[in-house]
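Chains, contacts and geometry: an overview
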Amino acid sequence: MKKAIGLLGGTFDPIHVGHLRPAIHVLERLELAEVRLLPNYIPPHRATPDSAPEHRLAMVRLATAQTPGLTVDDRELRRDRPSYTVETLIELRQEHPHIPLCFLMGMDSLCSLDRWHRWQELLDHAHLVVSHRPGWTPDFNPAIEALYQAQGTRDSELLHRRPAGCIYLIDNPQLDISSTRIRECIRAGNNPQYLLPDPVADYIRDEGLYKRPVL
């Protein structure tokens, strides 16, 4: 039985421990082969990132360099167009026809999944592994409730035995850290230490990222 590959997308502007700790938790808890971080070029449902793609990719590489099991996949940055998850999953499924793929997301993303591009096709190509706060009960709309009733599972072994098609909810304590707050911290001239890996903080300082524009 081949171990599943985890996939975590995001702008990572910048990447921080609030991204990394949940990814490591899922990697270890589900015994995944790896978790690939996929920086978005332009996220369809969010504002354009503050920093250029090459900077965000460099920061993700620095953040994962010392963490076994976390890797980087830059395919979305190489497309030079809005990043749609379904397109990435189709590509990966073609490259790995028999390996289980687990797309990692938060509960807020699952609750709004019916607003994603071609959302009905996602489970044709991957499982959805959804992190949520322990003890939190989701409030699904009718479309997502029907999807979860049809595809949800509590058996983590199915994520390795089947290539795609399951929704699995995993308790995963979330750190109250955001890229927005880190950017605001840096613009205010404050120290973001311990919110993100030291090599990423050093890169931000050396490249002068997120500083308040000089008028």
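Everything in this summary refers to the structure shown in the same document. Each chain has its residues counted from 1, running along the sequence as written. Totals for whole chains, interfaces and linings use all residues, but because this is a predicted model, local features are given only for residues with pLDDT of at least 70 and pairs of side-chain atoms are given and counted only at 80 or more. Each side-chain value is worked out from all heavy atoms of the structure, with water and hydrogens disregarded.

1. Looking at the pattern of salt bridges
Note on definitions: salt bridges are taken to be side-chain nitrogens of Lys or Arg within 4 Å of carboxyl oxygens of Asp or Glu. Going through the model one piece at a time under the given rule, you end up with 17 salt bridges. With a shortest N-O distance of 2.9 Å, Glu-91 and Arg-75 are connected by a salt bridge. Of the two residues, Glu-91 is situated in helix α4 (residues 85-95) and Arg-75 in helix α3 (residues 75-79); the sequence distance between them amounts to 16 residues. With a relative accessible area of 7%, Arg-75 lands in the buried category. Per the convention used, a helix needs a DSSP run of H or I reaching at least four residues, while a strand needs a run of E reaching at least two, with both numbered from the N terminus. To sort residues, take the accessible area from a 1.4 Å probe on protein chains only and compare it with the maximum for the residue type: under 20% means buried, over 50% means exposed, and anything in between is partly exposed.

2. Examining the state of the cysteines
Sulfur atoms of two cysteines make up a disulfide when they are within 2.5 Å. Scanning all chains against the criterion turns up 0 disulfides. Looking at Cys-102, it has no disulfide partner, and the nearest cysteine sulfur is the one in Cys-166, 8.7 Å off. A relative accessible area of 0% means that Cys-102 is categorised as buried.

3. Points about the side chain of Ser-131
Within the fold, Ser-131 resides in strand β5 (residues 127-132). Ser-131 sits in the buried class, given a relative accessible area of 11%. Leave out the neighbours within four places in its chain, and Ser-131 touches Val-26, Met-105, Gly-106, Met-107, Ile-170, Asn-172 and Gln-174. Only heavy atoms enter the contact rule, under which two residues are in contact if any of them lie within 4.5 Å.

4. Quick look at the packing of helix α2 (residues 53-64) against helix α10 (residues 198-207)
Any two packed helices are characterised by the angle at which their axes cross and by the distance between the axes. Lines fitted to C-alpha atoms define the axes here, with helix axes fitted over just the stretch in contact, and angles between the N-to-C directions of these axes take values from 0 to 180 degrees. Interaxial distance between α2 and α10 falls to 8 Å at its minimum, and their mutual angle equals 150°. Accordingly, the angle class assigned to the pair α2 and α10 is roughly antiparallel. You can see that α2 and α10 cross each other, and the crossing is right-handed. Where α2 approaches α10, its residues Glu-54, His-55, Ala-58, Met-59, Leu-62 and Ala-63 are matched on the opposing element by Pro-199, Val-200, Tyr-203, Ile-204 and Glu-207. Relative orientations are named as follows: roughly parallel for angles under 35 degrees, roughly antiparallel for angles over 145 degrees, roughly perpendicular for angles from 65 to 115 degrees, and oblique for any other angle. In this scheme the handedness of a crossing depends on how the near helix is turned from the far one: anticlockwise by less than a right angle means left-handed, clockwise means right-handed.

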